[in-house]
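Tertiary structure, described
So you can see what is in the structure, the chains are spelled out below.
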Amino acid sequence: MNPNPYLPLPMRIERVTIENDGRDLKTFDLAFINEADRAGFSFIPGQFAFLSIPGVGEAPFGIASAPHEPLLKFTVKRIGVFTTALHELEPGEVIGMRGPWGNSYPFDLMAGKDVVIISGGFSFTTLRATIAHLLHPENRRRYGRIIAIYGARSPGELLYKEEIRVWEQSPDLQLVLCVDRLNRATWPTREGLVPNVLKEVAPQSDNAIALVCGPPVMLKYTHPVLRELGFQPDQVFLSLENRMKCGIGKCGHCNIGPKYVCKDGPVFSYAQLLNLPPEY
Amino acid sequence: MKPRHLNPEELNQLLDHLAQETCVYAPVKDRTGARWERIKSSADVWLQEVNTAEPAKGFIFPRCEIMLKFDPDGNPVEPEPPAELLLFGIRPCDARAIEILKKFFIGEDRTDPYVRARAEKVTLIGVACNRTAPTCFCLGLGGSPHATTGLDLLLVELGTGYLAQPVTEKGEKLVTTFPPAAERDLETARHLRHQAEAEITTRIDTRTLKEKLPAAYDRPVWQQLALNCINCGVCTFLCPTCHCFDITDETVRGKTVRYRVWDSCQFTLYSRHASGHNPRLDPAARYRNRVMDKFYYTVEQIGEISCVGCGRCIHYCPAGIDIRQTVEQISTETEKTKL
């Protein structure tokens, strides 16, 4: 492993994809430049990494690719100085990456159980990694039913459109797409907010684990529905995104009480969060 | 390890010799007190202040340091390893704070290579406090004006000379040539210790804090406690155990450097998400975070309270906030509602 955790590894941008109508979400597919770096890098969906541009800085992003995929994928919203600089980069250019940091989704716990994935907006990234990982032929049989509810404001704001259209047809998972407003679009077919759609789909909670990632307002209204469906706090896992600088539990920024999102998270069970201050 | 005795001339000679041989920092006289400075000879040293305004944490965790430089192609280049460093005259509270910082940065799971490299190169010669300040409260937090934790060597000024108590082999090597201390010297040192400890009358009762603080999280009393706080961050910057930092890039005349600089949980930007959402938007929430961190969060993280009782945050707070009173008030507040 890299002896200096602050040292970014060089990565080449292989592909840049504009993801949404708002054109503020881009996916960057990265390849390792050094073979030794690639060989020494392994991760589990749910983990994140820092992207680095010399002179601009660093910022953390969830890894959107699955471990078996050849390129490392990050989907980034243009929102500040760093992400604006990143959005200006083109294929062939080199950026830095350090990680992977954090824990992951609880794959050991999910084994043999149904997996209910609930996501809203552009937080779908690490859950896209999770779905791709679960669907991999070597992994699929280890899990029960996979039910994914993924919502966005409008059809044009859904990420990874080509891929999710394929997943919609797959017998290996039940993918429910929804948007706040359809606006005469023909795809997807469902209009509604994620918590309401979850109520309609009503996945059963027996022997199931729910993975939730989305904006705070979605989380707020999703928990009561999960509770109604019988999900206990230790069956629900959330991925959090506090501000952070180091990624290794040193800089202090991302603390929630005595826990650090970067080191002890970013994935926490709802049961864990009930015992922590609501500082996320 | 055998305690030794040095007369004042011998100590001066030792310091002069060390200052020639290696990089020695010590408290020197300042306009308002004492500050850490590199010394050329023993004559530069000023130990009349109870403590320096800034703690010694900067020697292993500098206020600003270069993490990486980038060459013209954008490849990161790591800085040169740090040189040997000797700190003379560090007080026991600050030495213990360095021990606590090492626990944060040099953990079992992930180690900070910059702090580790500096910590490995530093030798700490402490001077015991025979006098204390009204803001000192190391007793009760596991410290003492004559404690040796974190030090390589502790010197106790006896009036007629110095008692040198080696703590590590590194410290012992420095004083092997001096005669062993007499029983009388040890007796004097013990007496001075009792005298200094007796001066510290305000204490924090830490025994029940671990239960009381989590229970106090939602109390409205935080608003009242933090009312005067202007979130200036001086308590965090001068705290010998506060270790938060920011990482930032700067390009000057074509040269790009990635720096690490101290940061403070008292600032609103500290916890603000990219989305604009801020989990600690309320100034009282930020003040609470600092108190909780010192007396509860770090107990969970590294197994001990990370306040050493140096008193700097009390002495230098522009709003007159006293952390001893805060802890006291939180304790009584939780007691109250239990009844």
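Residues numbered from 1 in each chain as written. Chains lettered and ligands numbered in written order. Predicted model: local features only at pLDDT ≥ 70, side-chain atom pairs only at ≥ 80, totals over all residues.

This brings us to the overall build of chain A. A count of helices and strands for chain A gives 9 helices and 15 strands. A globule of 280 residues ought to have a C-alpha radius of gyration of about 19 Å, and chain A, at 18 Å, matches this closely. Each of the three principal axes of chain A carries a C-alpha extent, and together these read 50 × 45 × 35 Å. Restricting the contact set of chain A to residue pairs at least 6 apart, pairs at least 24 apart contribute 69%. (Helix = DSSP H or I, 4+ residues; strand = E, 2+ residues; numbered from the N terminus. Rg over C-alpha atoms; globule rule 2.2 N^0.38 Å. Contact = placed C-beta atoms within 7 Å.)

Along the backbone of chain B there are 11 helices and 11 strands. Scaling as 2.2 N^0.38, a compact globule of 339 residues should have a C-alpha radius of gyration of about 20 Å, and chain B matches this with 22 Å. Dimensions of chain B along its principal axes, counting C-alpha atoms only, are 65 × 65 × 40 Å. Out of the 339 residues in chain B, the part that is buried amounts to 44%. Considering only residue pairs separated by 6 or more positions, chain B has 70% of its internal contacts joining residues 24 or more positions apart. (Buried ≥ 20, exposed ≤ 12 C-beta atoms within 10 Å, placed from the backbone.)

Quick look at the sheet that holds strand 10 (residues 245-252) of chain B now. All names here are of chain B. Pairing is antiparallel across the open sheet formed by 4 strands, whose spatial order is 5-4-11-10. This sheet does not close on itself; its edge strands, each paired only once, are strand 5 (76-77) and strand 10. As paired strands, strand 4 (residues 64-70) and strand 5 are joined by 2 bridges and run antiparallel to one another. Looking across to strand 5, one finds that Phe70 is bridged to Pro76. (Pairing = 2+ DSSP bridges.)

Another aspect to go through is the interface of chain A and chain B. Contact residues are listed per partner, giving 33 residues for chain A and 33 residues for chain B. Elements supplying a minimum of two residues to the side of chain A that touches chain B: strand 4 (57-62) and strand 6 (94-101) of chain A.

A word on helix 9 (residues 283-302) of chain B. All names here are of chain B. The end-to-end C-alpha distance of helix 9 is 26 Å, a good match for the 28 Å that 20 residues give at a rise of 1.5 Å each. Along helix 9, the largest kink reaches about 60 degrees and is centred on Asp293. The buried fraction of helix 9 amounts to 14 of the 20 residues, a majority that puts the element mostly inside the structure. Immediately beyond the C-terminal end of helix 9, within one or two residues, lies Gly303, with a positive phi of roughly 85 degrees. (Expected span 1.5 Å × (residues − 1). Bend = angle between axes of the 7 residues up to and from the residue.)

This part covers the confidence of the model for chain B. Detail in the predicted coordinates should be disregarded across regions flagged by low pLDDT. The predicted model of chain B has a mean per-residue pLDDT of 94, with 99% of residues at 70 or higher. Interface confidence in the predicted complex, given as ipTM, is 0.91; pTM for the same model is 0.93. (pLDDT = per-residue confidence, 0-100.)

Before going further, it helps to spend a moment on the pairing of strand 6 of chain A. Residue and element names in this part refer to chain A. Counting buried positions along strand 6 gives 7 out of 8 residues, so the element sits mostly inside the fold. Judged from the 4 bridges that link them, strand 1 (residues 9-18) and strand 6 form a sheet pairing that is antiparallel. Opposite Leu9, over in strand 6, you have Met97 as the bridge partner. One ladder, built from 4 bridges, connects strand 3 (residues 48-53) with strand 6; its direction is antiparallel. When the bridges of strand 6 are listed, Ser52 appears paired with Gly96.

Ala210 and Leu211 of chain A are the most contacted members of the largest nonpolar core, which totals 169 residues. If sequence neighbours within four positions are ignored, Leu211 of chain A has contacts with Tyr105, Val115, Ile117, Leu127, Thr130 and Phe237 of chain A. (Core = buried A, V, L, I, M, F, W, Y, C linked by C-beta atoms within 7 Å.)

For the rest of this paragraph, the subject is the environment of Ile305 of chain B. Residues and elements named next belong to chain B. Checked against the element boundaries, Ile305 lands in the loop between helix 9 and helix 10 (312-315). Residues Ile305 and Lys210, spaced 95 residues apart in sequence, show a C-alpha to C-alpha distance of 9.6 Å. If near-sequence neighbours (up to four positions away) are discounted, Ile305 is found in contact with Leu141, Thr206, Lys294, Phe295, Thr298 and Val299.

Let us now look at the environment of Gln301 of chain B. Tracing the sequence through the fold places Gln301 of chain B in helix 9. Residues Gln301 of chain B and Phe104 of chain B, spaced 197 residues apart in sequence, show a C-alpha to C-alpha distance of 8.3 Å.

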